[in-house]
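Geometric and topological summary
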Amino acid sequence: MTSNTAKKQPLKIGKEQLGLLEKLCNATAVSGDEQEVRQIVLEEVKNFADDVRIDALGNVLVTKNGLGKDRLRVMLAAHMDEIGMMIVKKHDDDLFQFEIVGGIDERQLPGKAVLVGKDHLPGVIGAKPIHKTTKSERNNKIDTASLRIDLGPEIGEKVKPGDRATFATRLKVTGPSIIAKALDNRLGVATLIELLKQAPDNIDLMAAFTVQEEVGLRGARVAAYALNPDLAIAVDCTPAYDLPHWDAEDENTQYNTRLDCGPAIYVMDRATIADQRLVHLFVNTAKEANIPYQLRQPGGGGTDAGAIHRTRSGIPSISVSVPSRYAHTAAGLARIVDWENTVRLLDAALNNVTGGLLAGERRD
Ligand SMILES: [Zn+2]
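Structural notes, computed from the coordinates. (Residues numbered from 1 in each chain as written. Predicted model: local features only at pLDDT ≥ 70, side-chain atom pairs only at ≥ 80, totals over all residues. Heavy atoms only, no water.)

A few words now on a nonpolar patch on the surface. Taken together, Val-267, Met-268, Ile-273 and Leu-295 make up a surface patch of nonpolar side chains, about 340 Å² in accessible area. Topologically, Met-268 is positioned in the loop between β14 (264-266) and α6 (276-289). Judged by relative accessible area, Met-268 falls into the partly exposed class, the value being 36%. (Patch = residues over 30% accessible without salt bridge, like charges linked within 9 Å, V, L, I, M, F, W, Y side chains within 5 Å. Areas by Shrake-Rupley, 256 points an atom, 1.4 Å probe, with all protein chains shown as cover. Salt bridge = Lys/Arg side-chain N within 4 Å of Asp/Glu carboxyl O. Helix = DSSP H or I, 4+ residues; strand = E, 2+ residues; numbered from the N terminus. Buried < 20%, exposed > 50% of the residue type's maximum accessible area, 1.4 Å probe, protein only.)

So, about the sheet that holds strand β6 (residues 113-116). Spatially, six strands are ordered β4-β5-β8-β7-β6-β9 in a closed barrel, and the strand pairing comes out antiparallel. In this sheet, neighbouring strand axes are inclined to one another by 45° on average, regardless of whether the strands run parallel or antiparallel. Note: β6 against strand β7 (residues 121-126), four bridges, orientation antiparallel. Looking at the pairing, Val-114 lines up with Gly-123 of β7. (Pairing = 2+ DSSP bridges. Axes fitted to C-alpha atoms, helices over the stretch in contact; angles between N-to-C directions.)

Attention now goes to the state of the cysteines. Using the criterion set out here, one finds zero disulfides in the structure. Here Cys-25 is not cross-linked by a disulfide; its sulfur's nearest cysteine counterpart is in Cys-237, at 8.9 Å. The buried category is assigned to Cys-25, whose relative accessible area is 0%. Here Cys-261 stays unpaired: no disulfide links it, and the sulfur of Cys-237, its closest cysteine neighbor, is 15 Å away. Owing to a relative accessible area of 26%, Cys-261 belongs among the partly exposed residues under this scheme. (Disulfide = S-S within 2.5 Å.)

Remember that the coordinates give geometry; whether it matters functionally is a separate question.
Laid out in structure tokens, this is it:
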């Protein structure tokens with residue numbers, strides 16, 4: 001067992017962490033083909049783990065044991081996969097039909113630059129130019145089935161059905177913000193790596209870097225079964241819908257989370273009602289440690305917690321997310337300070353987990 005007694009650097013998001021996030025966001029890991037991110041994770045965690053396993057579906061399961069009696073087994077989950085596209089058919093040498101993997105609004109696709117396959121071959125999702133479209137065509141969305149990824153000649157032979165494609169966006173840090181593709185959920189992956197480096201001794205920490213979340217929380221289900229934790233925390237990236245209303249003068253009060261307001265603690269989403277003892281743990285920890293936080297407003301969306309809490313005979317679960325605008329598009333925007341506060345809150349909450357945490361009343 002490795003010991004962490006000489007640890008406790010203050011948790012800061014600096015150059016090193018942003019460099020890691022850049023590598024993670026620029027990698028391609030569309031659901032079911034998470035290899036590039038898995039390699040980065042394995043490299044990052046190897047010096048901070050007591051045990052590292054890759055399971056049959058490709059989840060990376062990392063354990064860091066604590067010390068002392070009555071310690072709980074705490075699972076952290078962050079999905080490695082991202083939304084994207086899969087090549088399904090070749091037309092001619094240079095044009096490829098594709099399907100969407102995960103939730104993408106089809107209106108986001110035409111005209112976007114993409115990268116295809118493990119060699120990141122550049123292509124573009126072609127569409128009829130405005131010069132040639134009718135007014136009624138411009139008023140309708142274009143079916144994915146009628147779009148093609150165009151790679152140009154001489155490149156197509158390197159591409160085969162099953163290859164994944166992602167948006168070609170490269171991460172940029174701009175002032176206090178980060179713009180990148182796949183912030184959902186490389187922010188979560190990078191967060192788990194930071195937490196493993198600082199793993200507290202009062203718990204057994206089990207970090208699951210999961211596959212296939214974007215197509216139905218599939219990796220998390222088997223990861224939770226294998227790790228058999230006492231409680232679980234899904235760490236993800238949640239949409240910040242905090243823009244002003246552009247079709248009305250009234251204030252936007254329907255936001256689910258907002259930038260600059262800290263980590264989003266979930267109470268309920270489409271897939272999970274958070275365990276109330278864990279909601280209290282996070283809210284009380286944030287207040288004590290003076291870390292800004294927000295309660296994510298109930299509603300749609302879901303995280304790996306949706307599968308984890310229904311595994312085995314039930315696992316008390318909660319989600320904590322970094323807010324980010326423009327989820328599931330070619331480029332999202334998040335704040336560095338929200339990420340930093342998410343790492344700080346999770347670290348402080350893990351340090352506050354006691355053996356008796358789940359023995360208490362569910363309400364106070
Ligand atoms: Zn996600």
